[in-house]
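# Overview (structure and organization)
Listed below are the residues making up each chain.
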Amino acid sequence: QVQLVESAGGLVQAGGSLKLSCAASGLTFSNYVMGWFRQAPGKEREFVAGIAWRGGITNYADSVKGRFTISRDNAKNLVYLQMNSLKPEDTAVYYCAADLKTFTTPHYWGQGTQVTVSE
């Protein structure tokens, strides 16, 4: 059974930083493309960042480019999202996701973790 478990999010002031992690189990981690998505109140879930199997290819939403960094550790079955220069509009529930092929329509999802950025 595939499980994706995000670390606790939190409350951070605008301009601050936060690092999320996601622990994967029940799958051969290095075979999966990993991604982070988010859903703000009243909005649809949106793609944030993705990373290919060995980490050589990454992709970011325009809204987070230059501020967020996705990375992975295949030895530990972990994927990370380093978030810098946070803005109130980054407030959302953040989800880890996994798929064999694509960043954009992943098959497996974590339960989500709340990130709140205050003014």
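Treat the numbers as computed from the prediction; the structure is a model and nothing was measured.

In this structure the tally under the stated criterion is five aromatic pairs. For the ring pair Tyr32 and Tyr108, a centre distance of 6.2 Å and an interplane angle of 55° mean the geometry is tilted. Of this pair, Tyr32 sits in the loop between strand E3 (18–25) and strand E4 (33–39) while Tyr108 sits in strand E10 (residues 108–109), and the two are 76 residues apart along the sequence. Here Phe37 and Trp109 contribute two aromatic rings whose centre-to-centre distance is 4.8 Å and whose plane-to-plane angle is 65°, an arrangement assigned as edge-to-face. In this pair, Phe37 sits in strand E4 while Trp109 sits in strand E10, placing the two residues 72 residues apart along the sequence. Residue Trp109 is classed as partly exposed on the basis of its relative accessible area of 31%. Grouping aromatic residues by their ring pairs yields a cluster made of Phe37, Phe47, Tyr95, Phe103 and Trp109. When the ring centre of Tyr80 is taken as origin, the NZ or CZ atom of Lys19, which lies over that ring, is 4.5 Å away.

A few words on the sheet that holds strand E7 (residues 68–73). A sheet is described by the order of its strands in space; here four strands give the open sequence E1-E3-E8-E7, paired in antiparallel fashion. Unpaired on one side and paired on the other, strand E1 (3–6) and E7 mark the two borders of the sheet. Neighbour-to-neighbour, the strand axes of the sheet open up by a mean angle of 15°, direction not taken into account. For E1 and E3, the ladder comprises four bridges, and the chain directions are antiparallel.

How each quantity is defined
Residues numbered from 1 in each chain as written. Predicted model: local features only at pLDDT ≥ 70, side-chain atom pairs only at ≥ 80, totals over all residues. Heavy atoms only, no water. Phe/Tyr/Trp six-rings, centres within 6.5 Å; stacked < 30°, edge-to-face > 60°. Helix = DSSP H or I, 4+ residues; strand = E, 2+ residues; numbered from the N terminus. Buried < 20%, exposed > 50% of the residue type's maximum accessible area, 1.4 Å probe, protein only. Lys NZ or Arg CZ within 6 Å of the ring centre and 35° of its normal. Pairing = 2+ DSSP bridges. Axes fitted to C-alpha atoms, helices over the stretch in contact; angles between N-to-C directions.

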